[in-house]
Structures are given as C-alpha cells and as structure tokens.
Amino acid sequence: MQWFEDLECANNRYRAARGFTLLELLVVMVILGLLAGLVGPQVMKHVGASKTKTARLQIEELSTALDVYRLETGQYPSSDEGLEVLIQKPANSDKWNGPYLRKRVLPKDPWGQAYRYRSPGENGGYDLYSLGADSTEGGNGENTDVVSWR
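Bear in mind that the values here come from a model prediction, so they are computed numbers and not experimental data. (Residues numbered from 1 in each chain as written. Predicted model: local features only at pLDDT ≥ 70, side-chain atom pairs only at ≥ 80, totals over all residues. Heavy atoms only, no water.)

*Asks:* Is there a simple way to explain the overall build of the chain in this structure?
*Replies:* Regarding its fold elements, the chain presents two helices and three strands. Helices and strands in the chain line up, N terminus first, as α-α-β-β-β. Across the 150 residues of the chain, 25% fall into the buried class. Of the contacts made within the chain by residues no fewer than 6 positions apart, 42% connect residues no fewer than 24 positions apart. With the model as given, the accessible surface of the chain reaches about 10,800 Å², and the carbon-plus-sulfur share is 56%. (Helix = DSSP H or I, 4+ residues; strand = E, 2+ residues; numbered from the N terminus. Buried < 20%, exposed > 50% of the residue type's maximum accessible area, 1.4 Å probe, protein only. Contact = heavy atoms within 4.5 Å. Areas by Shrake-Rupley, 256 points an atom, 1.4 Å probe, with all protein chains shown as cover.)

Structure follows, in structure tokens:
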C-alpha cells in the first residue's frame, strides 16, 4: 500500500511540474479574445465621449475669457486678432488687462487642432468651435462639431 501512495505522490509532482497543455492555453486565449472583442469597443466609445466633453469644457473656459476681455476692452477680439489676444497684449489696445487665461497658453482641442474663432460670429458676438476628430463640418459621435452657441 505504501508503494501505491509513493507512486501517486510522484505522479502528482510530475503533473505539477508539466505546466499547461496546449488545449488549456488555447481555451484561455479564446476567452481573452472574446473579452477584448466585447470590452474594447465600449472603452473606445467612452474615450471619444470624454474628448468631446473636454472640448466643451475648454470652449467654456475660452468663452469666459472672451467675455472678460470684452468687459475690459469694450469689444470681442476681431477674427484677425484671434484668440491670441487672450494671452498677449495687442499693439492697439490700452484697456487690455490680461492675460485672460491662467496657463498663458492657448489650448488645442483634444484632437490636436487649434480652436476656430470668428468675430463677429454668425451665431452671436463670436463663434468659437472645434470640428471634432475628423476636422470637417458635421459628423456623429467623436466627429461631432463642438460649438460655443448651443
């Protein structure tokens, strides 16, 4: 009886030292592939939505700075002056009391493009917007335009 227990104990040690079979590894790989296929698109959808939210927040910050600029100088910057007047004093302004942005740097939209500014705007005193991930007008999802007037 002792020799049987010794044989079984040796057999268990051999199995433990062998590792995984090819079939077990393939099953794990299939499960990981299925999880990546299901979870990956959901994560990417949330990343795109968070970039759009970031653009909205940056446009709100720039809009606030533009409103303060207007209160101090009496007008919004022209399209030619652009958003740069929020961080650098224009040559022809005595009432400028900036910089109007805390970081003294104009932010780029989350897709790496400069925000577009037009004054006077077609939708108010100015139009401030980003064209989204595709850098063209219109679009859905991450390609949606993010604008200051909605």
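*Asks:* It is not clear to me how the environment of glycine 98 should be interpreted in this structure. Could you clarify?
*Replies:* By the secondary structure assignment, glycine 98 is in the loop between helix 2 (22-73) and strand 1 (116-118). Considering only alpha carbons, one finds glycine 98 and glutamate 72, 26 residues apart in sequence, at a separation of 9.4 Å.

*Asks:* Would you mind showing me how to read the sheet that holds strand 1 here?
*Replies:* Neighbouring strands of a sheet are bound in pairs by backbone hydrogen bonds; such pairs are parallel or else antiparallel. What the three strands build is an open sheet, ordered 1-2-3; its pairing is antiparallel. At either end of the open sheet lies a strand with only one pairing partner, and these are strand 1 and strand 3 (146-147). Here strand 2 (residues 127-130) pairs with strand 3 via two bridges, running antiparallel. Within strand 3, the position partnered with tyrosine 129 by the bridge is valine 147. (Pairing = 2+ DSSP bridges.)

*Asks:* Please explain a nonpolar patch on the surface as it appears in this structure.
*Replies:* Together, Leu23, Val27, Val28, Met29, Ile31, Leu32 and Leu35 make up an exposed nonpolar region whose accessible area comes to about 690 Å². Checked against the element boundaries, leucine 23 lands in helix 2. Take leucine 23: its relative accessible area is 62%, and that puts it in the exposed class. (Patch = residues over 30% accessible without salt bridge, like charges linked within 9 Å, V, L, I, M, F, W, Y side chains within 5 Å. Salt bridge = Lys/Arg side-chain N within 4 Å of Asp/Glu carboxyl O.)

*Asks:* Looking at this structure, I do not really get the nonpolar core. What am I missing?
*Replies:* Burial of nonpolar side chains together is a common tendency in soluble globular proteins. One finds Leu62, Leu66, Leu83, Leu86, Tyr115, Tyr117 and Leu128 to be the most contacted residues of the largest nonpolar core, which totals 19 residues. If one sorts the elements of this core by residue count, helix 2 sits on top with six residues. Leaving out residues up to four positions away in the same chain, leucine 86 has contacts with Leu62, Ala65, Leu66, Tyr69, Trp96, Pro99, Tyr100 and Leu101. (Core = buried A, V, L, I, M, F, W, Y, C linked by side-chain atoms within 4.5 Å.)

*Asks:* Before we go on, may I ask you to explain the side chain of aspartate 127 in this structure?
*Replies:* Within the secondary structure, aspartate 127 sits in strand 2. Judged by relative accessible area, aspartate 127 falls into the buried class, the value being 0%. A polar contact of 2.8 Å, which involves the side chain of aspartate 127, links it to the backbone nitrogen of glutamate 122. Among the polar contacts made by the side chain of aspartate 127, one reaches the main-chain amide nitrogen of asparagine 123 at a distance of 3.2 Å. If we skip the residues at most four places from it in the chain, aspartate 127 touches Arg116, Tyr117, Arg118, Gly121, Glu122, Ser148 and Trp149. (Polar contact = N/O pair within 3.5 Å; in protein donor to acceptor, adjacent residues only side chain to side chain.)

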